[in-house]
Amino acid sequence: MPFCAVPFIHTFIDTKGKNRICCAAKWTPGQYDLQDWEGKDYQKIREAVSSDDKEWLPECNECKRREEAGQEDSYRKINNKLYEQLDRPELNIINGTNFEVPISYDLRMNNLCNLSCRMCGPSSSSQLYKEMIRHPELWPESAHQPPEAYNSMDINRIINEAESMYEIKLLGGEPTVQPETKAIMKRLIDVGNTGLRFNITTNGTNVNTTFYDLLKQFKQVYLQISIDDYGIGHDYIRGPASNFETIWKNIKKIYELDWAGDVNIAIHQTITTFNIFNFWELRQQTNIQYPWCGFCNGIVYYPPIYSPQYLPEKWKDMAAEAAKKAGAYEDEKHIFKLIYQVETNMNYVRELKNYTSIMDFARNQHLKDYFPQFAEVFEGIN
Ligand code: SF4
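Overview of the structure. (Residues numbered from 1 in each chain as written. Predicted model: local features only at pLDDT ≥ 70, side-chain atom pairs only at ≥ 80, totals over all residues.)

The helix and strand inventory of the protein stands at 16 helices and eight strands. For the protein, the C-alpha radius of gyration of 21 Å lies close to 21 Å, the compact-globule estimate for 382 residues. In terms of principal-axis extent, the alpha carbons of the protein reach across some 60 × 50 × 45 Å. For the protein, buried positions account for 37% of its 382 residues. The long-range share in the protein, meaning contacts at least 24 apart out of those at least 6 apart in sequence, stands at 73%. (Helix = DSSP H or I, 4+ residues; strand = E, 2+ residues; numbered from the N terminus. Rg over C-alpha atoms; globule rule 2.2 N^0.38 Å. Buried ≥ 20, exposed ≤ 12 C-beta atoms within 10 Å, placed from the backbone. Contact = placed C-beta atoms within 7 Å.)

Dropping the structure here:
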C-alpha cells in the first residue's frame with residue numbers, strides 16, 4: 001500500500017482508553033493490541049504501511065476509497081503532510097521515530113457531550129447514553145455497558161507527554177465541556193508548548209469563556225465546527241438539544257475573539273442519508289455569510305444505515321440533478337463520486353426506515369418536518 005506515516009508518529013485514543021492506529025482505520029475489537037507503542041502489533045502495522053506491497057491493508061479502506069474518489073483529504077495524506085512539515089524524522093519499526101513516543105495525538109477523552117447525534121452512539125455521547133437507558137431498544141449493543149466504560153482515559157499519561165507534542169486533536173464527546181481538555185491546555189501552557197498545532201472539533205453550541213480563554217493562548221489553532229445542514233435539519237440530525245440559529249451565530253462570536261496567534265475556523269459537514277437532497281446549501285451559505293470560514297465535508301460510512309452510499313441509484317441521481325440546478329455540483333463533485341462508488345443496499349435503507357421511526361417516536365421529532373423531500377421518497381419504501 002502507499003506509505004502512511006500515521007503508525008510512526010500518531011496515536012488515537014478512544015473513550016474506552018484504548019489506543020487505535022487512527023480514527024479512519026477500522027478493525028474488529030481484539031484484532032490488535034495497540035496499548036504498547038513498541039508492541040508487536042504496532043510493529044506489524046508499521047511494516048505493512050511501509051512495504052511496497054500494492055495491496056492496501058483492509059483496515060485502511062476508508063483512506064483507499066477517498067483517494068480513489070480523487071480526494072486530497074484522506075487521513076493518510078493529511079498526516080503524511082504533517083510528517084513532511086516535521087522534516088521527515090527518521091522512522092523506525094520499533095518505536096516510530098527518535099522521539100520514541102507519539103508526537104501527534106487524537107483523543108476522544110470521554111463521552112461527555114450535550115448533543116445526541118443520530119449517527120453517533122452512547123460511547124461518544126453521554127446524552128445518547130441517557131437515551132439508551134430510557135430506550136435500550138435503540139442501542140442494544142451498548143445496553144450492558146456501565147457509564148465508566150466510556151470514561152477510562154488516563155489523562156496523566158497524555159499530560160506527561162505535553163512537551164514533545166507537535167499536534168493534538170480533540171474530538172467528542174464535546175471537548176469544550178470536558179474538564180480534561182482544560183487540564184491538557186493548562187499543562188501545555190505551563191510547559192510553554194503553546195506553539196503546537198491545536199486541533200479541536202466542537203459542536204459550537206456554546207462559547208464557554210473558561211475554555212476559550214485558555215484556547216486563545218495557543219498560536220496555531222484549527223477549530224472545526226460540526227454542522228450538517230443549513231437550518232433546522234441540523235437539529236434533527238444532532239438531536240433535540242441542538243439549536244441551529246445559536247450555533248450559526250456562535251461561529252461569528254468565536255471568530256471575533258481576541259486570538260493570540262493564527263486561528264483557522266472551518267465548518268465540517270457530515271453528509272448522511274437525510275441531508276442528501278440539500279447538503280450543498282450549507283457550503284453556499286457559508287461562502288456568502290462567512291467568507292473567512294473554511295469548509296469541508298465528507299460522508300458517513302458507519303453506521304452503514306446512515307451512509308448515503310447505499311441509497312437507491314434513483315435517489316442519488318435526483319440529488320445530483322438538484323445540486324446541478326442549484327449550481328452546486330462542481331463544488332460537491334467529490335461527494336457524488338463517493339456516493340456512486342458503492343451499490344444500493346435496500347436492507348440498510350429498510351433498516352434505517354424502521355430505526356428512524358423508533359427514534360422519532362422516542363424524541364418526538366418527525367423526519368417530514370425537517371427533511372420533507374427525503375421523507376417523501378422514504379415513505380415509498382416497503
Ligand atoms: S492509511 Fe489511513 S486508515 Fe490506514 S493507518 Fe494510514 S491514515 Fe490510518
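What follows continues from the structure just given.
Let us now look at the site of the ligand. The immediate surroundings of the ligand are formed by 14 residues, with Cys4, Cys22, Cys60, Cys63 and Tyr75 found nearest. Among the secondary structure elements, those contributing two or more residues to the shell around the ligand are helix 1 (6-9), helix 3 (61-68) and helix 4 (75-85). Here the residues of the shell around the ligand sort into 11 nonpolar, one polar and two charged. (Near = placed C-beta within 6 Å. Nonpolar A, V, L, I, M, F, W, Y, C, P; charged D, E, K, R; others polar.)

The next point concerns the sheet that holds strand 2 (residues 19-20). What the eight strands build is an open sheet, ordered 2-1-3-4-5-6-7-8; its pairing is mixed. Across the chains shown, the open sheet's two edge strands, defined by having one partner strand only, are strand 2 and strand 8 (294-299). Bridge analysis of strand 7 (residues 262-271) against strand 8 gives six bridges, and the strand direction is parallel. Across the sheet, Ile271 pairs through a bridge with Ile299, a residue of strand 8. (Pairing = 2+ DSSP bridges.)

Counting 75 residues, the largest nonpolar core has Val6, Cys22, Ile276 and Phe374 as its most contacted members. Leaving out residues up to four positions away in the same chain, Cys22 has contacts with Val6, His10, Phe12, Tyr75 and Asp106. (Core = buried A, V, L, I, M, F, W, Y, C linked by C-beta atoms within 7 Å.)

Here we come to helix 12 (residues 313-325). Given a rise of 1.5 Å per residue, 13 residues ought to cover 18 Å, and the 18 Å separating the end C-alpha atoms of helix 12 matches this to within 8%. Listed as buried for helix 12 are Trp315, Ala319 and Ala323. End-on, the buried residues of helix 12 take up no more than an arc of 80°, which puts them together on one face. Exposed residues lying more than 90 degrees from the buried face of helix 12 are Glu313, Lys314, Asp317, Glu321 and Lys325. Buried residues in helix 12 make contact with helix 11 (280-289), helix 13 (329-340) and helix 16 (372-379). A positive backbone phi angle near 70° is found at Gly327, which sits one or two residues after helix 12. (Expected span 1.5 Å × (residues − 1). Arc of directions from axis to C-beta.)

The next subject is the pairing of strand 3 (residues 104-107). Regular strands place their side chains on alternate faces of the sheet. The alternating pattern of strand 3 places Ser104 and Asp106 on one face and Tyr105 and Leu107 on the opposite face, and all of these are buried. Across four bridges, strand 1 (residues 10-13) lies against strand 3 in parallel orientation. Of the residues in strand 3, the one forming a bridge with Phe12 is Asp106. Bridging between strand 3 and strand 4 (residues 167-170) involves four bridges; their strand directions are parallel. Its bridge partner being in strand 4, Leu107 is matched across the sheet by Leu170.

The omega torsion of the bond from Tyr302 to Pro303 falls at -5°, within 30 degrees of zero and hence cis. Examined against the element boundaries, Pro303 turns out to sit in the loop between strand 8 and helix 12. Phi at Asp87 is positive, roughly 65°, even though this residue is not glycine. Considering the arrangement of structural elements, one finds Asp87 in the loop between helix 4 and strand 3. Of note in this structure, Arg88 is not a glycine but carries a positive phi near 45°.

It is worth stressing that arrangement in space is one thing and function is another; only the former is reported here.
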